[in-house]
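The primary structure of each chain is shown beneath.
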Amino acid sequence: MPSTTPAAWDYVIVGAGSAGCVLANRLSADGRHSVLLLEAGPPDRYPWIHVPIGYAKTMFNPVYNWCFKTEPEPQMNGREVYWPSGKTLGGSSSINGLIYIRGQREDYEHWAALGNPGWGYRDVLPYFRKLEHNVRGENEYHGIGGPLWASDIVAKHELVEALIAAGGELGIPANPDFNGATQEGVGYYQLTTRRGFRCSTATAYLRPARRRPNLSIETGAQAARIVFEGRRATAVAYRRDGHDVTATARREVILAAGALQSPQLLQLSGIGPAALLREFGIPVVHELPGVGENLQDHLQA
């Protein structure tokens, strides 16, 4: 296949999902730096992406979803677990169930205690407030005017109301805001919707930035590996329209390909557990045993 080399970019971002769309917007905002955003999937033009109930149409659609499965899990009685992952602009924020949830205060504090300064809850809260436009208004935990909308479920349902009341009878408190003072309790979620439509990161961050002359977006671009000069990442090799392409980064290569594919790409590029890389004939650039380990996710019952 022919190989082409486009002009170099200041930043090359792999993955136009929840993180990649934000990074593309922020890094191109001042106009001083050129940014290339690579996405393996197609554009987010499928109408069902933007209608909230449409996630039923994308949750098993291999065009817009990687449709991963785990290996058989002993803790799950030997079953495989389906693991949807977005494959379009906006990534999983374009196919998920739209629940707006930040994660527990205690998890952020634990990460900071492990030796990661800046990851404590009070450190990250200002950024949550900045990114948010909460229809409830502004307070200690929420912001207004940000690109990502958080909207209420307006219509109450008698079964949900009965469930909340039952929680109270069992000593589980009603909680009107899972992104507020505490996450414990039972109640209604907020959703990442804007005036009735999905507010993915592609909608919130990428759409306002798309016409910037210093931002280029390539869909159908499957990253193959990171190119190194010594131990410095200098380019991304990817495949598009049957052609092998190399995009050079003058400043940084940024991996934003998700919790599964970012470590996979690191390993394919020679960064990871040395014994595993050698088993598959991958030259070791840097031995880093943690790559591909310690992943945690939640089950939905």
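Shown above is the structure to which this text applies.
Calculation notes
Residues numbered from 1 in each chain as written. Predicted model: local features only at pLDDT ≥ 70, side-chain atom pairs only at ≥ 80, totals over all residues. Heavy atoms only, no water. Helix = DSSP H or I, 4+ residues; strand = E, 2+ residues; numbered from the N terminus. Rg over C-alpha atoms; globule rule 2.2 N^0.38 Å. Buried < 20%, exposed > 50% of the residue type's maximum accessible area, 1.4 Å probe, protein only. Contact = heavy atoms within 4.5 Å. Areas by Shrake-Rupley, 256 points an atom, 1.4 Å probe, with all protein chains shown as cover. Phe/Tyr/Trp six-rings, centres within 6.5 Å; stacked < 30°, edge-to-face > 60°. Core = buried A, V, L, I, M, F, W, Y, C linked by side-chain atoms within 4.5 Å. Axes fitted to C-alpha atoms, helices over the stretch in contact; angles between N-to-C directions. Parallel < 35°, antiparallel > 145°, perpendicular 65-115°, else oblique. Nonpolar A, V, L, I, M, F, W, Y, C, P; charged D, E, K, R; others polar. Pairing = 2+ DSSP bridges. Patch = residues over 30% accessible without salt bridge, like charges linked within 9 Å, V, L, I, M, F, W, Y side chains within 5 Å. Salt bridge = Lys/Arg side-chain N within 4 Å of Asp/Glu carboxyl O. Lys, Arg positive; Asp, Glu negative; His and termini not counted. Charge placed at Lys NZ, Arg CZ, Asp CG, Glu CD.

Let's talk about the overall build of the protein
In terms of helices and strands, the protein carries nine helices and 17 strands. For 301 residues, the compact-globule estimate of 2.2 N^0.38 gives 19 Å, and the C-alpha radius of gyration of the protein, at 21 Å, lies within 12% of that figure. Dimensions of the protein, computed from the C-alpha atoms along their principal axes, are close to 65 × 50 × 40 Å. A burial count over the protein gives 38% of its 301 residues as buried. Considering only contacts in the protein between residues 6 or more positions apart, those separated by 24 or more positions represent 54%. Roughly 17200 Å² of accessible area belongs to the protein as shown, and the carbon and sulfur atoms make up 55% of that amount.

Quick notes on the packing of aromatic side chains
Two numbers describe a pair of aromatic rings. These are the distance of the centres and the angle of the planes. Tallied over the full model, the rule gives eight aromatic pairs. With 4.9 Å between their ring centres and 10° between their planes, Tyr 46 and Tyr 64 make a pair best called stacked. In this pair, Tyr 46 sits in the loop between β3 (35-39) and α2 (47-50) while Tyr 64 sits in the loop between α3 (55-58) and β4 (68-69), placing the two residues 18 residues apart along the sequence. With relative accessibility at 21%, the residue Tyr 46 sits in the partly exposed group.

Let's talk about the side chain of Thr 219
Here Thr 219 is to be found in strand β12 (residues 215-219). What Thr 219 contacts, discounting residues up to four positions off in sequence, is Glu 39, Gly 41, Pro 42, Pro 43, Leu 89 and Arg 240.

Some thoughts on the nonpolar core
Side chains of a nonpolar character, in soluble globular proteins, are inclined to be buried together. Counting 21 residues, the largest nonpolar core has Ile 13, Cys 21, Ala 24, Leu 37, Leu 206 and Leu 215 as the members making the most contacts within it. When contributions to this core are tallied by element, the ones reaching two or more residues are β2 (9-14), α1 (18-28), β3, β8 (148-152) and α7 (201-209). Broken down by element, the residue count for this core peaks at five residues, all from α7. Every residue in contact with Leu 206, bar those within four places of it in the chain, is listed here: Cys 21, Ala 24, Leu 37, Leu 89, Thr 201, Leu 215 and Ile 217. The next biggest cluster of nonpolar side chains, apart from the first, holds 15 residues, and it includes Leu 38, Ala 221, Ala 223 and Leu 265.

Here's the deal with the side chain of Asn 25
Checked against the element boundaries, Asn 25 lands in helix α1. Relative accessible area serves as the criterion here: at 10%, Asn 25 is assigned to the buried category. In this view, Asn 25 contacts Tyr 205, Ala 209 and Arg 212; residues no more than four positions away in its chain are not counted.

Concerning unusual backbone geometry
The phi dihedral of Asn 77 is positive, around 60°, even though this residue is not glycine. Along the polypeptide, Asn 77 turns up in the loop between β4 and β5 (82-83).

Description of the packing of helix α4 (residues 105-113) against helix α5 (residues 121-131)
Their axes nearest at 9 Å, the elements α4 and α5 cross at an angle of 125°. The orientation of α4 relative to α5 falls into the category oblique. Here α4 contributes Arg 105, Tyr 108 and Glu 109 to the contact with α5, which in turn contributes Tyr 121, Arg 122, Val 124 and Phe 128. Grouping the amino acids of the contact of α4 with α5 by side-chain chemistry returns four nonpolar, no polar and three charged.

Things to note about the sheet that holds strand β7 (residues 132-134)
Strand order in the open sheet formed by four strands is β6-β9-β8-β7, and the pairing between neighbours is mixed. Edge positions in the sheet fall to β6 (99-100) and β7, since each of these pairs with one other strand and no more. Note that β7 and β8 share three bridges and pair parallel. Note on β8: the bridge partner recorded for Glu 132 is Leu 148. Sheet contacts for α5: β6, β7 and β8; angle to β7, the most-contacted strand, approximately 65°.

Let's talk about a positive patch on the surface
Together, Arg 45, Arg 194, Arg 195, Arg 207 and Arg 210 make up a positively charged patch on the protein surface. On the basis of relative accessibility, which here comes to 38%, the residue Arg 194 falls in the partly exposed class.

Geometric descriptors of this kind do not, in isolation, establish any biological role.
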